[in-house]
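Here is how the chains run, residue by residue.
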Amino acid sequence: MEQLIQAVMAAIERAGLIEVEVSARHVHLSRDDIEKLFGKGSELTPKRPLSQPGQYLSEERVTLVGPRGKKERVAVLGPARSATQVELSRSDCVELGIKAPLRESGDTAGSGAIVIEGPKGAIEIKEGVIVAQRHVHMTPAAASALDLADKERVAVEVLTERPVIFEDVVVRVSDKFSCRMHIDFDEANAAFVDGFTLGRIKKKLPEEKND
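Residues numbered from 1 in each chain as written. Predicted model: local features only at pLDDT ≥ 70, side-chain atom pairs only at ≥ 80, totals over all residues. Heavy atoms only, no water.

Enquirer: Now, about the layout of surface pockets: what can you tell me, with residues and values included?
Expert: Taken as a whole, the largest pocket holds about 1,100 Å³ of empty space. For the largest pocket, the lining is made up of 46 residues, of which Ser23, His26, Leu50, Leu77 and His182 are closest to its centre. Elements supplying a minimum of two residues to the lining of the largest pocket: β1 (17–23), β2 (26–30), β4 (56–66), β5 (69–81), α3 (90–96), β10 (135–138), β13 (180–184) and α5 (185–190). Ranked by residues supplied to the lining of the largest pocket, first place goes to β1 with 5 residues. Classifying every residue of the lining of the largest pocket by side-chain character gives 14 nonpolar, 17 polar and 15 charged. (1 Å grid on protein atoms, 1.4 Å probe; cavity = no way out; pocket = protein on both sides within 12 Å on 5 of 7 lines; lining within 4 Å. Points joined across faces, edges and corners; volume = space filled by probe spheres on them. Helix = DSSP H or I, 4+ residues; strand = E, 2+ residues; numbered from the N terminus. Nonpolar A, V, L, I, M, F, W, Y, C, P; charged D, E, K, R; others polar.)

If you want it as structure tokens, here you go:
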């Protein structure tokens, strides 16, 4: 069965299609901040694996506090990172009163501030809150087959009963990835994404490529 699934997914990738996943609000924590929020010596407890190898949803939850309100039981993803990062949708930011820029993951310089509460303490980060740029994770083999390069930007048509073409989708290529497109809940709701969904990658014409 596993071999059959892999063969089907490989055929999907060769056809320029990619599975679309919805990324809900979540937090990545540094090791120091894990201890501040959950207690000295604490480690994140894996609950279930995510589609990207080595990544997982943890049992731990936190509360996000902004000037206008709070979001409780927000997911924490593991493993620990070098710096704490909070990824929200634009709607989340409005509800919390947070100003967060549209950024790729890891690009947090000058980004939004927020308070994070855990069962053993709270932290205030001065920067680290972003609205994640929609993006596609690709393996080198899949990217090569579609003539795509790391950091290239493409359009992706999400194939639902209300199809939407998302422009300015960042291609991220690594042998540590599995092929998936990630969008947030605002984008998913606009396109009626529900359950297993595919997107069709539309490579830009040569004159439209980024320099």
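Okay, back to it.
Enquirer: Summarise the environment of Val62; cite the residues concerned and give the values.
Expert: As for its placement among the helices and strands, Val62 is situated in strand β4. Looking at Val62, the relative accessible area reads 1%, which means it is buried. Considering only alpha carbons, one finds Val62 and Leu29, 33 residues apart in sequence, at a separation of 11 Å. Aside from chain neighbours lying at most four places away, what touches Val62 is Val27, Leu37, Phe38, Lys71, Glu72, Arg73, Val74, Val76, Ile116 and Glu117. (Buried < 20%, exposed > 50% of the residue type's maximum accessible area, 1.4 Å probe, protein only. Contact = heavy atoms within 4.5 Å.)

Enquirer: Which residues make up the pairing of strand β12 (residues 164–173), and what values go with them?
Expert: Two strands pair when backbone bridges link them, and β10 and β12 are joined in this way by 4 bridges, in the parallel orientation. Paired with Val136 across the two strands is Val171, which belongs to β12. Here strand β11 (residues 153–159) pairs with β12 via 5 bridges, running antiparallel. In the sheet register, Glu157 faces β12, and the bridge partner there is Ile165. (Pairing = 2+ DSSP bridges.)

Enquirer: How would you sum up the sheet that holds β12? Please name residues and give values.
Expert: One closed barrel accounts for 6 strands, arranged β1-β13-β10-β12-β11-β14; its pairing is mixed. Direction aside, the axes of adjacent strands within the sheet are offset by 40° on average. (Axes fitted to C-alpha atoms, helices over the stretch in contact; angles between N-to-C directions.)

Enquirer: Would you mind going over the side chain of Ser30 in detail, with residue names and values included?
Expert: Tracing the backbone through its elements, the reader meets Ser30 in strand β2. On the accessibility criterion, Ser30 (10% relative accessible area) is buried. Setting aside residues no more than four positions away along its own chain, Ser30 makes contact with Ala80, Arg81, Ser82, Ala83 and Thr84.

Enquirer: So what about the nonpolar core? Which residues, and what values?
Expert: Residues Val27, Val62, Leu64, Val86, Ile114, Ile116 and Val129 are the most contacted members of the largest nonpolar core, which totals 23 residues. Of all elements in the fold, only β2, α2 (31–38), β4, β5, α3, β8 (112–118) and β9 (121–132) reach the threshold of two or more residues within this core. Per-element tally for this core: the top contributor is β9, with 4 residues. Each residue touching Ile116, except ones within four places of it in the same chain, is listed here: Val27, Leu37, Val62, Thr63, Leu64, Thr84, Val86, Gly121, Ala122, Ile123 and Ile125. In terms of nonpolar packing, the next biggest core, distinct from the first, is built from 21 residues, Ile18, Val20, Leu148 and Phe166 among them. (Core = buried A, V, L, I, M, F, W, Y, C linked by side-chain atoms within 4.5 Å.)

Enquirer: Hey, could you go over the pairing of β1 for me, with residue numbers and the actual values?
Expert: Counted residue by residue, β1 has 5 buried out of 7 residues, so it is predominantly covered. Relative to strand β14 (residues 198–202), β1 runs antiparallel, the two sharing 3 bridges. Within the sheet, the bridge partner assigned to Glu19 lies in β14 and is Leu198.

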